[in-house]
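Spelled out, the chains give:
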Amino acid sequence: MAIEDRDDAYLITHALAKDTLSRLRDVETEQVAFRKGLVKLGRICGYEIIDGAMETEYVSVQTPLTETTGERVKGLDDVVIVNVLRAATPFVEGLLKAFPRAKQGVISAGRDESAGMDEEGSFPITIDYVKLPEITEDDTVIVADPMLATGSTMCAVLDHVLESTAADPADLFVLSAVSAPDGLLRVDEEFPQTDLLTVAIDDRLDDDGYIVPGLGDAGDRAFRTT
């Protein structure tokens, strides 16, 4: 299992995850390769969640020659993936390769860059659209956003996710490619019931609330809007 406990978060240390993230960070990586990289990284992270957090069960299997015992992953039909638009779209595409039968939710959320960061390191967040499936106490919920910077957006998204549930889900993961210590701390303090998963914990936020060294604006790079 390539997941390490780093106190405030769990770090996905799979060699291919680190390799893919390094390519995503590279300023020379153009749009198509960047999108494909996010898809690949989402798939790797999905497999690591299965390996590290989901149980298996023994089953009887009839092969062409005889009956034998095999193992299958439990709960693959009880997964909900929440796509934080828009940067998470290719990231979620990769997750769906690991969880092809997952229910999907969408939340369009963005921070008001013009307002700037306040003294507590937060941004005003605008939620434009929310569409979530039913979430039950048997579900594993994965809220995916490639960048966890100040944590402002993620906290707003988690508010909506938890408000929509009749009961707490079995597992609630916040999954990112790159995280800043400030954002991890904020989400952990406000939503201690979450498990924070990330491929990298970067050094800091700059004065504008961007992750350093980071990988730039994931949405802009994936959708070529710069």
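Please read these numbers as outputs of a predicted model, since none were measured by experiment.

### So, the packing of helix α2 (residues 31-53) against helix α3 (residues 88-98)
Piece 1. Between α2 and α3, the least distance of the axes is 6 Å, while the angle of their chain directions is 40 degrees. When the interaxial angle is binned, α2 and α3 end up oblique. Crossing geometry of α2 relative to α3 is assigned as right-handed. Each of R35, L38, V39, L41, G42, R43, C45, G46, Y47 and I50 in α2 lies in contact with α3, whose residues at this interface are P90, F91, E93, G94, L95, K97 and A98.
Piece 2. Its residues placed into classes, the contact of α2 with α3 shows ten nonpolar, three polar and four charged.

### Some words on the environment of F91
Piece 1. Relative to the helices and strands, F91 resides in helix α3.
Piece 2. Here the alpha-carbon distance between F91 and V39, two residues 52 residues apart in the chain, equals 4.9 Å.
Piece 3. Here F91 is in contact with L38, L41, G42, C45, A144, D145, P146, L175, S176 and A177, once residues within four sequence places are set aside.

### Regarding the UniProt feature "binding site: uracil" (unreviewed entry) in the protein
Piece 1. Residues annotated in UniProt with the feature "binding site: uracil" (unreviewed entry) correspond here to I211, G216, D217 and A218.
Piece 2. In this fold, I211 is placed in strand β13 (residues 211-212).
Piece 3. Here I211 falls in the buried class, since its relative accessible area comes to 9%.
Piece 4. Excluding residues within four positions of it along the chain, I211 makes contact with M147, L148, A149, V178, S179, A180, D202, R204 and L205.
Piece 5. Along the polypeptide, D217 turns up in the loop between β13 and α6 (218-223).
Piece 6. In this structure the side chain of D217 is engaged in a polar contact, spanning 3.0 Å, whose partner is the backbone nitrogen of G219.

### Brief notes about the UniProt feature "binding site: 5-phospho-alpha-D-ribose 1-diphosphate" (unreviewed entry) in the protein
Piece 1. As annotated by UniProt and renumbered to match this structure, "binding site: 5-phospho-alpha-D-ribose 1-diphosphate" (unreviewed entry) occupies R86, R111, D145, P146, M147, L148, A149, T150, G151, S152, T153 and D217.
Piece 2. Along the chain, D145 turns up in the loop between β8 (140-144) and β9 (147-148).
Piece 3. With relative accessibility at 13%, the residue D145 sits in the buried group.
Piece 4. In contact with D145, other than residues within four places in its own chain, are V84, A88, F91, T153, M154, L175, S176 and A177.
Piece 5. Residue placement: G151 occurs in the loop between β9 and α4 (152-163).
Piece 6. In this structure G151 touches G183, R186 and V187, once residues within four positions along its chain are discounted.

### Some details on the nonpolar core
Piece 1. Ranked by internal contacts, the top residues of the largest apolar core, which has 40 residues, are I12, L41, F99, I142, L175 and L215.
Piece 2. Elements with a contribution of two residues or more to this core: α1 (15-25), α2, β5 (79-85), α3, β8, β10 (171-179), β11 (195-201) and α6.
Piece 3. Broken down by element, the residue count for this core peaks at seven residues, all from α2.
Piece 4. The residues touching L41, leaving out its near neighbours within four places in the chain, are A17, T20, L24, F91, A177 and V199.
Piece 5. Within the second largest apolar cluster, 23 residues are counted, among which are A9, V82, I107 and L158.

### Brief notes about the packing of α1 against α2
Piece 1. Contact pair α1 / α2: the axes reach a minimum separation of 9 Å and the direction vectors enclose 160 degrees. When the axes of α1 and α2 are compared, the pair comes out roughly antiparallel. Note that α1 runs across α2; the crossing there is left-handed. Of α2, the residues touching α1 (which contributes L16, A17, T20 and L24) are F34, G37, L38, K40, L41 and I44.

Conventions used here
- Residues numbered from 1 in each chain as written.
- Predicted model: local features only at pLDDT ≥ 70, side-chain atom pairs only at ≥ 80, totals over all residues.
- Heavy atoms only, no water.
- Axes fitted to C-alpha atoms, helices over the stretch in contact; angles between N-to-C directions.
- Helix = DSSP H or I, 4+ residues; strand = E, 2+ residues; numbered from the N terminus.
- Parallel < 35°, antiparallel > 145°, perpendicular 65-115°, else oblique.
- Left-handed = near helix turned anticlockwise from the far one by under 90°.
- Contact = heavy atoms within 4.5 Å.
- Nonpolar A, V, L, I, M, F, W, Y, C, P; charged D, E, K, R; others polar.
- UniProt positions renumbered as here; feature names shortened; annotations may be inferred.
- Buried < 20%, exposed > 50% of the residue type's maximum accessible area, 1.4 Å probe, protein only.
- Polar contact = N/O pair within 3.5 Å; in protein donor to acceptor, adjacent residues only side chain to side chain.
- Core = buried A, V, L, I, M, F, W, Y, C linked by side-chain atoms within 4.5 Å.

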